[in-house]
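In case you want the letters, here they are:
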Amino acid sequence: MLEGVIVKGIGGFYYIDTKRGVFETRARGIFRKEGIRPTVGDHVKISVLDEENKKGSLDEILPRRTELIRPRVSNVDQAVIVFAAKSPDMNLDLLDRFLLLAEEQELDIVIVLNKIDKDNNQDYEEAATLYRQAGYLVICASAELGSGVEDLKAALENRISVFAGPSGVGKSSLINAAFPGLELNTGELSKKIQRGRHTTRHAELIRITENSYIVDSPGFTSLFLNHIPSEKLQYYFKEFEPFVHGCYYNGCMHINEPDCAVKAQIGKAIHPMRYQRYVNIVQELKKEEERKK
Ligand SMILES: Nc1nc2c(ncn2[C@@H]2O[C@H](COP(=O)(O)OP(=O)(O)OP(=O)(O)O)[C@@H](O)[C@H]2O)c(=O)[nH]1
Ligand SMILES: [Zn+2]
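Throughout, residues of each chain are indexed from 1 in the direction in which the sequence is written. Numbering of ligands from 1 and lettering of chains from A proceed in the order in which they are written. The model is predicted, so local features are restricted to residues of pLDDT at least 70 and side-chain atom pairs to those at 80 or more, both for listing and for counting; the totals for chains, interfaces and linings are taken over all residues. Hydrogens and waters are ignored; side-chain quantities use all the structure's heavy atoms.

The name given to the protein in an unreviewed UniProt entry is Small ribosomal subunit biogenesis GTPase RsgA, with the source organism recorded as Anaerotignum propionicum DSM 1682. UniProt positions are given in the numbering used here, feature names are shortened, and annotations may be inferred rather than shown by experiment. You can read under Subcellular location (unreviewed entry) in the UniProt record for the protein the words "Cytoplasm". The UniProt entry for the protein carries the following text under Subunit (unreviewed entry): "Monomer. Associates with 30S ribosomal subunit, binds 16S rRNA."

Put into structure tokens, the structure is as follows:
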């Protein structure tokens, strides 16, 4: 028995990255009978049928820790959310939506503010401080100059990461700067999504170091939040966490209620801009909930 990770699945074959190389396997019939679909990212056990030609049989899927839907990958540990300091301009409303989706999936989060070489006034520092104070790891980077790249590499170590963020912020460029051997084309990640609109596209894992992988297509390509119940939203604002249970009312939404422990932190542990976006998104979600009634 050999253990490994499914890095690719095509036409009934699953490719398993192991300590002894990548094996091409077929899944045992039992999975189909039991309605289990092997998924990229699954930790598996295989039996080797042909060591030299790297063929095997996929025998067992170890329990999944997480299951990302878009793209469909198991055991993703972390979302690397990339925004540009300039071109395109930073949009913190959009950044918060990416954060919410990643928080909802219980992923660890790294925020990368890329293209700092384009921002002579260092305006990105303000956003970096805001999100650091909220409790996030924020890396200010320039794929162009190579700054921040070592920090990014360190953050990817020993995990499966998915990159997310708007088009053109430099996701592929950062990956290339960190791992020159991979030579992802710039624009590569988005090409894959476009293809995905018409055909079922299967994500693949790219091994970047001994024990680390990245997903080859971007995460959270739809930023719809409508599936999140409005009363759950508070739990996905990281810096609210220590305070949400301190309110006078059970089920406090932290908007109009008196004696609210969250509101008491506005301008202290909670940045007014983040609080305002919380209120906006709650209202958005409530409107949608009303409409569906
Ligand atoms: N000045 C500067 N330009 C950068 C930097 N990083 C990326 N770029 C440029 O920005 C453009 C977009 O970079 P990509 O790496 O393709 O961006 P992406 O996020 O992968 O884009 P999609 O694949 O569309 O999602 C390219 O022309 C890059 O050369 C940077 O740090 N500084
Ligand atoms: Zn409250």
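What follows concerns the UniProt feature "binding site: Zn(2+)" (unreviewed entry) in the protein. The UniProt feature table records "binding site: Zn(2+)" (unreviewed entry) at Cys-247, Cys-252, His-254 and Cys-260. For Cys-247, the position within the fold is in the loop between strand S13 (212–215) and helix H7 (272–292). Only protein chains enter the accessibility calculation, which uses a 1.4 Å probe. A residue is then buried if its area is under 20% of the maximum for its type, exposed if over 50%, and partly exposed in between. Judged by its relative accessible area of 12%, Cys-247 is buried. Residue contacts follow a heavy-atom distance rule, with two residues in contact if any of their heavy atoms lie within 4.5 Å. Each residue touching Cys-247, except ones within four places of it in the same chain, is listed here: Cys-252, His-254, Asp-259, Cys-260, Ala-261 and Val-262. Turning to its location among the elements, His-254 is positioned in the loop between S13 and H7. Excluding its chain neighbours within four sequence positions, the residues that come into contact with His-254 are Gln-234, Val-244, Cys-247, Cys-260, Val-262, Lys-263, Tyr-275 and Tyr-278. The helix and strand labels rest on DSSP assignments: H or I over at least four residues marks a helix, E over at least two residues marks a strand, and numbering proceeds from the N terminus.

Take the domain arrangement of the protein next. All the domain ranges listed were derived from an automatic or database domain assignment. When cut into domains, the protein gives domain 1 (2–63), domain 2 (68–216) and domain 3 (230–292). Centre-to-centre, using C-alpha coordinates, domain 1 lies 28 Å away from domain 2. Taken together, the contacts link 14 residues of domain 1 with 11 residues of domain 2. Buried surface area refers to the total accessible area, computed with a probe of radius 1.4 Å, that the two partners give up upon joining, counted for both partners together. With both chains or domains summed, domain 1 and domain 2 bury close to 1000 Å², and 49% of this area falls on carbon and sulfur atoms. By the criterion applied in these results, polar contacts are pairs of N or O atoms within 3.5 Å in which, for protein atoms, one can donate a hydrogen and the other can accept it, and in which residues neighboring in sequence qualify only through two side-chain atoms. One can count 6 residue pairs in polar contact (both at pLDDT 80 or more) joining domain 1 with domain 2. Broken down by secondary-structure element, the contributors of at least two residues to the side of domain 1 that touches domain 2 are strand S1 (2–10) and strand S2 (13–18). The leading source of residues in the side of domain 1 that touches domain 2 is S1, at 5 residues.

Time to look at the coordination of the zinc ion (ligand 2). The donor set covers N, O and S atoms within 2.8 Å of the metal, switching to 3.2 Å for Na, K and Ca, and it leaves out water, so a site may look short of donors. Within the protein, the zinc ion (ligand 2) binds to Cys-247 (SG), Cys-252 (SG), His-254 (ND1) and Cys-260 (SG); these donor distances fall in the range 2.0 to 2.3 Å. Each of the 4 donor atoms around the zinc ion (ligand 2) contributes to a set of angles spanning 100 to 117°, which defines the coordination as tetrahedral. Motif for the zinc ion (ligand 2), donor spacing along one chain: C-x4-C-x1-H-x5-C. Linking Cys-247 in the loop between S13 and H7 with Cys-260 in the loop between S13 and H7, this pair joins segments that are 13 residues apart in sequence. A site with four donors is called tetrahedral when every donor-metal-donor angle falls between 85 and 135 degrees; four donors are called square planar, and six octahedral, when opposite donors sit more than 155 degrees apart and all other angles fall between 65 and 115; any other arrangement is irregular.

Going from Arg-70 to Pro-71, the amide bond is cis rather than trans, its omega being -5°. Going from Ser-87 to Pro-88, the amide bond is cis rather than trans, its omega being 0°. As for its placement among the helices and strands, Pro-88 is situated in the loop between strand S8 (78–84) and helix H2 (92–104). One non-glycine residue with positive phi stands out, namely Ser-87, at about 40°.

Moving on: the side chain of Glu-239. Take Glu-239: it is sitting in the loop between S13 and H7. A polar contact is formed between the side chain of Glu-239 and the side chain of Arg-274, at a distance of 2.8 Å. Beyond its immediate chain neighbours, meaning those up to four positions away, Glu-239 contacts Ala-134, Ala-269, Ile-270 and Arg-274.

Axis definition: a line fitted to C-alpha atoms, over the contacting stretch in the case of helices. Angles run 0 to 180 degrees between N-to-C directions. In contact at an axis separation of 11 Å, H2 and H7 are set at 70° when each is read in the N-to-C sense. Between H2 and H7, the angle falls in the class roughly perpendicular. Like other packed secondary-structure pairs, H2 and H7 cross with a definite hand, here right-handed. Touching Leu-92, Asp-93, Asp-96, Arg-97, Leu-99 and Leu-100 of H2 are Met-273, Arg-274, Arg-277, Ile-281 and Glu-284, all from H7. Should an angle lie under 35 degrees it is considered roughly parallel, over 145 roughly antiparallel, and from 65 to 115 roughly perpendicular; all remaining angles are considered oblique. Here is the rule for handedness: rotate from the far helix to the near one, and if that takes an anticlockwise turn smaller than a right angle the crossing is left-handed, while a clockwise turn gives right-handed.

Next up on the list: the sheet that holds S13. Reading across from one edge, S10-S9-S8-S11-S13-S12 is the order of the 6 strands in this open sheet, with mixed pairing throughout. The open sheet is flanked by strand S10 (137–140) and strand S12 (205–209), the only strands paired with a single partner. Put simply, the sheet's adjacent strands are angled 25° from each other on average, direction ignored. Contacts from H2 reach S8, strand S9 (108–114) and strand S11 (160–164), with the element oriented near 175° to S8. Strands qualify as paired when DSSP identifies two bridges or more between them.

Our focus in this paragraph is the pattern of salt bridges. By definition, a salt bridge exists where a carboxyl oxygen of Asp or Glu is found within 4 Å of a side-chain nitrogen of Lys or Arg. As enumerated under the stated definition, the model contains 18 salt bridges in all. A salt bridge links Glu-284 to Arg-97; the shortest N-O distance between them is 2.9 Å. In this pair, Glu-284 sits in helix H7 while Arg-97 sits in helix H2, placing the two residues 187 residues apart along the sequence. Residue classification places Glu-284 among the partly exposed positions, given a relative accessible area of 37%. Given a relative accessible area of 14%, Arg-97 falls into the buried group. One connected set of salt bridges, linked through shared partners, spans Asp-96, Glu-239, Arg-274 and Arg-277.

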